[in-house]
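# Architecture at a glance
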Amino acid sequence: TRPLVQVRDLRMHFPIYAGLLRRRVGAVKAVDGVSFDILPGETLGLVGESGCGKSTTGRAVLRLYDITEGSIRIEGTEIGHMSQSQLRPLRPRMQMVFQDPQASLDARMTVEAIIREPLDEHTRLSSREKREKVLELMDAVGLNRRFASRYPHAFSGGQRQRIGIARALALNPKFVVCDEPIAALDVSIQAQVVNLLEDLQAKFGLTYLFISHDLSMVRHIATRVAVMYLGRIVEMQDRERLYADPLHPYTRALLSAVNEPDPALARSRGRIVLRGDVPSPANPPRGCNFCTRCPEVMPVCRDIDPETRQVAPGRWVACHLHDPAIMGRERTRPPEA
Ligand code: SF4
Ligand code: MG
């Protein structure tokens, strides 16, 4: 099957200006060479600590930004460098569910107006047809139709997120980026919203990029998982494989901090505590981006940036430990002076 979404070598560099003359002195490399495919109907989980570039990646893929470099194909159409007016007719196919339903909904609009807005902008439906569509969407996300004339403040956080989801689905998108859609919600509500997103995926044939800092949450919803660190994808595998046999030292550290339901795995794993902070994306370290914190760092790691390699079918990792050529050389290398 052809991927629905194909991202190659995506870069988002934000220039840094300084001084009276506002001279460009560098760049924050928020996303620095990210590649992945998402198959139709699949959910790719994109995981990492805050600031790793995962939200920027999600927004860049939807072209909410002008990207610095790279290729983005949606259903085979290259959108990476389209202008906003060229993108406009494609917008209905690709939508976003935001983290904070409070901030993303206009408090002065009724629920009906909020969900209808994309229909106003992109369709020629009659008012009656729009109203019917809005009510159907409210049914689909589990909101009572009788609340259509209420304002967002009258709803709980979970209900507001349902409004945001209904709005995102108004134009029958194929691809939806969910950016931490449950991070701002009470724990008791989180599972409900995740279940809703799964039901809607099945019902409408949606394909998701699901962004989260929470590996245990992604475990429930993702088909495959990509782990980001400092602007790069350091590992990408099927969900089952990733949780059972993580390849990258960073993924192992992240997983050691989440509750492992399998007691044997939990015992074998032990807690890995990373030293130090994430370096600034304006000044990433030489060599491997993770070398300043990696428990398994080797001399070569401070020299050579590991490429993301497919080490077995569907198993991608950017780490010298999994590169036989480099490891062969490492073993014969004299000890550091
Ligand atoms: Fe650690 Fe080296 Fe692998 Fe980077 S390349 S993750 S520093 S072992
Ligand atoms: Mg973020």
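Residues numbered from 1 in each chain as written. Chains lettered and ligands numbered in written order. Predicted model: local features only at pLDDT ≥ 70, side-chain atom pairs only at ≥ 80, totals over all residues.

Per an unreviewed UniProt entry, the protein chain carries the name Oligopeptide transport ATP-binding protein OppF and comes from Rubellimicrobium mesophilum DSM 19309. We quote the UniProt Subcellular location (unreviewed entry) comment for the protein chain here in full: "Cell inner membrane". You can read under Sequence similarities (unreviewed entry) in the UniProt record for the protein chain the words "Belongs to the ABC transporter superfamily." (UniProt positions renumbered as here; feature names shortened; annotations may be inferred.)

For the rest of this paragraph, the subject is the sheet that holds strand 2 (residues 23-38). In space, the four strands of this open sheet follow the order 2-1-4-5, with antiparallel pairing throughout. The sheet is open, and its two edges are formed by strand 2 and strand 5 (77-78), each paired on a single side. As judged from the twelve bridges shared by strand 1 (residues 5-18) and strand 2, these two strands associate in the antiparallel manner. Across the sheet, residue Phe14 finds its bridge partner in strand 2, namely Val28. Running over the sheet, helix 1 (residues 54-61) touches strand 1, strand 2 and strand 4 (69-74) and is turned about 115° from strand 1. (Pairing = 2+ DSSP bridges. Helix = DSSP H or I, 4+ residues; strand = E, 2+ residues; numbered from the N terminus. Contact = placed C-beta atoms within 7 Å. Axes fitted to C-alpha atoms, helices over the stretch in contact; angles between N-to-C directions.)

Counting 82 residues, the largest nonpolar core has Ala166, Leu209, Phe210, Ala226, Val227, Met228 and Val234 as its most contacted members. Setting aside chain neighbours within four positions, we find Ala166 in contact with Ile115, Leu137, Met138, Ala140, Val141 and Leu143. (Core = buried A, V, L, I, M, F, W, Y, C linked by C-beta atoms within 7 Å. Buried ≥ 20, exposed ≤ 12 C-beta atoms within 10 Å, placed from the backbone.)

Okay, the pairing of strand 10 (residues 232-238) next. Strand 10 sits mainly inside the fold: six of its seven residues count as buried. Judged from the six bridges that link them, strand 9 (residues 224-229) and strand 10 form a sheet pairing that is antiparallel. Across the sheet, the residue bridging to Val227 is Glu235, located in strand 10. Joining the antiparallel neighbours strand 9 and strand 10 is a turn of two residues, in which Leu230 adopts a positive phi near 50°.

On to the packing of helix 4 (residues 111-122) against helix 5 (residues 127-140). One can describe the packing of helix 4 onto helix 5 by two numbers: an axis separation of 9 Å at closest approach and a directional angle of 115°. Helix 4 and helix 5 meet at a crossing whose hand is right-handed. Facing helix 4, whose interface residues are Glu112, Ile115, Arg116 and Leu119, helix 5 presents Lys130, Lys133, Val134 and Leu137. The class makeup of the residues in the contact of helix 4 with helix 5 is four nonpolar, no polar and four charged. (Left-handed = near helix turned anticlockwise from the far one by under 90°. Nonpolar A, V, L, I, M, F, W, Y, C, P; charged D, E, K, R; others polar.)

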